[in-house]
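Geometric and topological summary
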Amino acid sequence: LTAYFESFGSAISTEGGVIDKFLGDGVMGLFNAPGKIEFPAKAACAAALRGFENFADRKDMPEGFSVRVGLH
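1. Thoughts on the packing of aromatic side chains
Enumeration over the complete set of coordinates arrives at six aromatic pairs. Ring centres of Tyr-4 and Phe-8 lie 5.3 Å apart, and the angle between their planes is 50°; on these two criteria the pair is classed as tilted. With a gap of four residues between them, Tyr-4 and Phe-8 both fall in helix H1 (residues 2-14), about one helical turn apart. Across the pair, Phe-8 and Tyr-4 agree in class, each one buried. One aromatic cluster is present, built from ring pairs that chain together Tyr-4, Phe-5, Phe-8, Phe-22, Phe-52, Phe-55 and Phe-65.

2. Some thoughts on the packing of H1 against helix H2 (residues 40-57)
Two elements in contact, H1 and H2, have axes whose closest approach is 8 Å; the angle formed by their N-to-C orientations is 145°. The two elements H1 and H2 meet at a crossing, and its hand is right-handed. Together, Tyr-4, Ser-7, Phe-8, Ser-10, Ala-11, Ile-12 and Thr-14 of H1 and Ala-47, Ala-48, Arg-50, Gly-51, Phe-52, Asn-54 and Phe-55 of H2 make up the contact between the two elements. Across the contact of H1 with H2, the residue classes tally to eight nonpolar, five polar and one charged.

3. Some thoughts on a nonpolar patch on the surface
Taken together, the side chains of Val-18, Leu-23, Met-28 and Leu-30 present a nonpolar region at the surface, about 270 Å² in accessible area. Elements supplying a minimum of two residues to the nonpolar patch: strand S1 (18-23) and strand S2 (26-30). Inspection of the secondary structure assignment puts Val-18 in strand S1. Classification of Val-18 by relative accessible area gives partly exposed; the value is 31%.

4. Quick notes on the pairing of S1
Where S1 and S2 come together, five bridges link them in antiparallel fashion. Each residue of the ladder has a partner; that of Phe-22, found in S2, is Val-27.

5. A word on the environment of Thr-2
Within the secondary structure, Thr-2 is located in helix H1. Separated by 38 residues in the primary sequence, Thr-2 and Pro-40 have C-alpha atoms spaced 26 Å apart.

6. Description of the environment of Leu-71
With respect to the helices, strands and loops of the structure, Leu-71 is situated in the segment after H2. When the C-alpha positions of Leu-71 and Ser-13 are compared, they lie 16 Å apart, and in sequence the two are 58 residues distant.

7. A short note on the pattern of salt bridges
For the structure shown, the criterion picks out three salt bridges. Here Glu-6 and Arg-58 are joined by a salt bridge, their closest N and O atoms 3.1 Å apart. Here Glu-6, found in helix H1, pairs with Arg-58, found in the segment after H2; they are 52 residues apart in sequence, far enough to count as distant. Residue classification places Glu-6 among the partly exposed positions, given a relative accessible area of 43%. With relative accessibility at 25%, the residue Arg-58 sits in the partly exposed group. Residues Lys-21 and Asp-20 are paired through a salt bridge, measuring 3.9 Å at the closest nitrogen-oxygen approach.

About the cut-offs
- Residues numbered from 1 in each chain as written.
- Predicted model: local features only at pLDDT ≥ 70, side-chain atom pairs only at ≥ 80, totals over all residues.
- Heavy atoms only, no water.
- Phe/Tyr/Trp six-rings, centres within 6.5 Å; stacked < 30°, edge-to-face > 60°.
- Helix = DSSP H or I, 4+ residues; strand = E, 2+ residues; numbered from the N terminus.
- Buried < 20%, exposed > 50% of the residue type's maximum accessible area, 1.4 Å probe, protein only.
- Axes fitted to C-alpha atoms, helices over the stretch in contact; angles between N-to-C directions.
- Left-handed = near helix turned anticlockwise from the far one by under 90°.
- Contact = heavy atoms within 4.5 Å.
- Nonpolar A, V, L, I, M, F, W, Y, C, P; charged D, E, K, R; others polar.
- Patch = residues over 30% accessible without salt bridge, like charges linked within 9 Å, V, L, I, M, F, W, Y side chains within 5 Å.
- Areas by Shrake-Rupley, 256 points an atom, 1.4 Å probe, with all protein chains shown as cover.
- Salt bridge = Lys/Arg side-chain N within 4 Å of Asp/Glu carboxyl O.
- Pairing = 2+ DSSP bridges.

Right, here's the structure in full:
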């Protein structure tokens, strides 16, 4: 899970979001709070895609480990 949190946490930060909390094996990122982002939905989608890219580039993940993203 550390690799997962690093991959997606970095993506959230890179796209201007902040990590609000960790929920078991999930992470909640906020976009447009506390600072304003011009297009928060676009930033959230970009963070999700970047997180998948970061995660796929890792070589230390066990086979069969997969992730899903929900955007609200």
